[in-house]
Amino acid sequence: MDTNVIFYLDNAATSFPKPREVWEAMEHYFFHVGGNPGRSGHRLSHEASEILFNTREALSHLFNIDTPERIVFTKNATEAINVAFYGFLKPGDRVVTTAMEHNAVMRPLRHLEGTRGVEVKVVPADSQGVVDLEALGQALEEDTTVLVVNHASNVAGSLVDLEKVGSIAKGAGVPLLVDGAQTAGCYYVDVEAMHISLLAFTGHKGLLGPQGTGGLYVAPGLELDPLIRGGTGSNSEREEQPLFWPDVHEGGTLNVVGLAGLGAGVEFVLEQGVERIRAHEGRLFNSFWKGAQGIPGLILYGPERWEERVAVVSINLEGQDPAHVGYVLDRDFGIMVRPGLHCAPSAHKSLGTFPTGTVRVAFGLFNTEGDVERVLEALDTIARRRDHG
Ligand SMILES: Cc1ncc(COP(=O)(O)O)c(C=O)c1O
């Protein structure tokens, strides 16, 4: 077997490959634009501003956002979540969240618990990674400051029904912050229909952009204290941060080359259509799930029904360390996956896979049925090896 041929099944960590249009847009910026947006008034600076404008417009189109200026660019979802929490939460505030959160949510919340006395209530999930929505509704109180929900688990692939959760949050009068890291670009997200007040997304997964890009949408009416203050190219006569969006949260020069690529990635997603991307990933998931049934000792985690999940699939081989299985998949078969805890310890506690974790197989837009066959064959071989070497 030629192990120099790479089978990339780690799209939940970052998507790969990227569409040609993404690196062409980045190349175009580097070769022909190069200016600093909003800073210098010359044509290359204007062109750079136009790139940012177009990227914000494309994202607004994708998420049904009416106010593109309220999308703040960040370097990833983690920074977006930090901008939201540190700008929003005050001493004594109360946060409700779920057991399926990534450390991008849990670490800043635990820090704010210790430093600002923010109260954090965690709603449980079952052994398939499905959050108990009844318990979630009951956990919300009149004085809950914000409800924080991971749209799709990066461990179990389980989706949270955002239409339901949005209605629950709206009914309770509590703003809803959604971590859309695993769904942006591959599952329908509509901030209006789902009553989302804050949406954090990352650019390098389903949106097919480069690493170092992401953002936070904040609904009109909600104001945050900036996490970072600095030059914006606007109101330069004043030493105070401008208060208008997006400048209030975009101090310092942005990653314009990355955001050029992100804009092209989002355009690509819009051209393909989220529904078509989802249908493709659904076919791959169903083939994988079905084929996995015949492999001795293979344990599958997360919901079986495609309607309840995304194409991020956690598995284990009975009696084998996931780290070793991941290593062998790379070494002997050229297959890239991610073993371990995936930065989400409490999600693994819900699944009963803490502390060794699982092997995560994550399909993306550019995977094929051939990739599914290859990983099934490889897992079957590893499962049947006696020495596990
Ligand atoms: C559910 C979830 N939230 C947040 C993140 C953080 O994304 P980033 O590393 O791009 O900030 C990830 C990435 O793995 C994720 O899967």
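The structure under discussion appears in the preceding block.
Right, let's walk through the structure included here. For clarity, every value in this text was computed on a predicted model and none was experimentally measured.

### Side note on the pattern of salt bridges
In a structure, side chains of opposite charge can pair up when their charged atoms sit close to one another. Tallied over the entire structure, the rule returns 17 salt bridges. The partner of E250 in a salt bridge is R56, with the nearest N and O atoms 2.9 Å apart. Separated by 194 residues along the polypeptide, E250 in the loop between β8 (214-218) and α7 (256-272) and R56 in helix α2 (residues 43-63) bring together distant segments of the chain. Residue E250 is classed as buried on the basis of its relative accessible area, which comes to 8%. A relative accessible area of 10% means that R56 is categorised as buried. Among the ionic pairs, E113 bridges to R110, the shortest N-O distance being 3.1 Å. Here the residue E113 and the residue R110 both occupy positions in helix α4 (residues 103-116), the gap between them amounting to three residues, near one helical turn. Of the residues examined, E113 reaches a relative accessible area of 31% and is grouped as partly exposed.

### A closer look at the sheet that holds strand β3 (residues 94-98)
Ordered in space as β2-β8-β7-β6-β5-β3-β4, the seven strands form an open sheet in which the pairing is mixed. Two strands lie at the open edges of the sheet, namely β2 (71-74) and β4 (119-123), each paired on one side alone. Ignoring which end each strand starts from, the neighbouring axes of this sheet average 20° apart. In the sheet, β2 pairs with β8 via four bridges, with the strands oriented antiparallel. Considered in β8, the bridge of V72 is made with L216.

### Thoughts on helix α8 (residues 274-292)
The end-to-end C-alpha distance of α8, which contains 19 residues, comes to 27 Å, matching closely the 27 Å that a straight helix rising 1.5 Å per residue would cover. The complete set of buried residues in α8 reads V274, I277, R278, H280, E281, G282, L284, F285, F288, W289 and A292. The elements touched by buried residues of α8 are α2, α7, β9 (298-300), β10 (312-317), β13 (358-362) and α11 (369-384).

### Considering the pairing of β10
Of all the six residues making up β10, six are buried; the element is thus mostly covered by neighbouring parts of the structure. Side chains of β10 alternate between two faces, with V312, S314 and N316 and V313, I315 and L317 buried alike. Relative to β10, β9 runs antiparallel, the two being bridged by three bridges. Along β10, the bridge assignment pairs L300 with I315. Relative to β13, β10 is paired through four bridges, and the arrangement is antiparallel.

### A few points about the packing of aromatic side chains
In this description, an aromatic ring pair is defined by two values, namely the gap between the centres and the angle between the planes. Taken as a whole and assessed by the stated rule, the structure comprises seven aromatic pairs. Measuring from ring centre to ring centre gives 5.5 Å for F63 and F201, while their planes differ by 45°; the resulting arrangement is tilted. Highlighted residues: F63 in helix α2 and F201 in strand β7 (residues 198-202), separated in sequence by 138 residues. Across from the ring centre of W245, 4.0 Å away, lies the NZ or CZ of R70, which sits over that ring. The positively charged end of K349 is found above the aromatic ring belonging to F354, 4.6 Å away from the centroid.

Cut-off values and rules
Residues numbered from 1 in each chain as written. Predicted model: local features only at pLDDT ≥ 70, side-chain atom pairs only at ≥ 80, totals over all residues. Heavy atoms only, no water. Salt bridge = Lys/Arg side-chain N within 4 Å of Asp/Glu carboxyl O. Helix = DSSP H or I, 4+ residues; strand = E, 2+ residues; numbered from the N terminus. Buried < 20%, exposed > 50% of the residue type's maximum accessible area, 1.4 Å probe, protein only. Pairing = 2+ DSSP bridges. Axes fitted to C-alpha atoms, helices over the stretch in contact; angles between N-to-C directions. Expected span 1.5 Å × (residues − 1). Contact = heavy atoms within 4.5 Å. Phe/Tyr/Trp six-rings, centres within 6.5 Å; stacked < 30°, edge-to-face > 60°. Lys NZ or Arg CZ within 6 Å of the ring centre and 35° of its normal.

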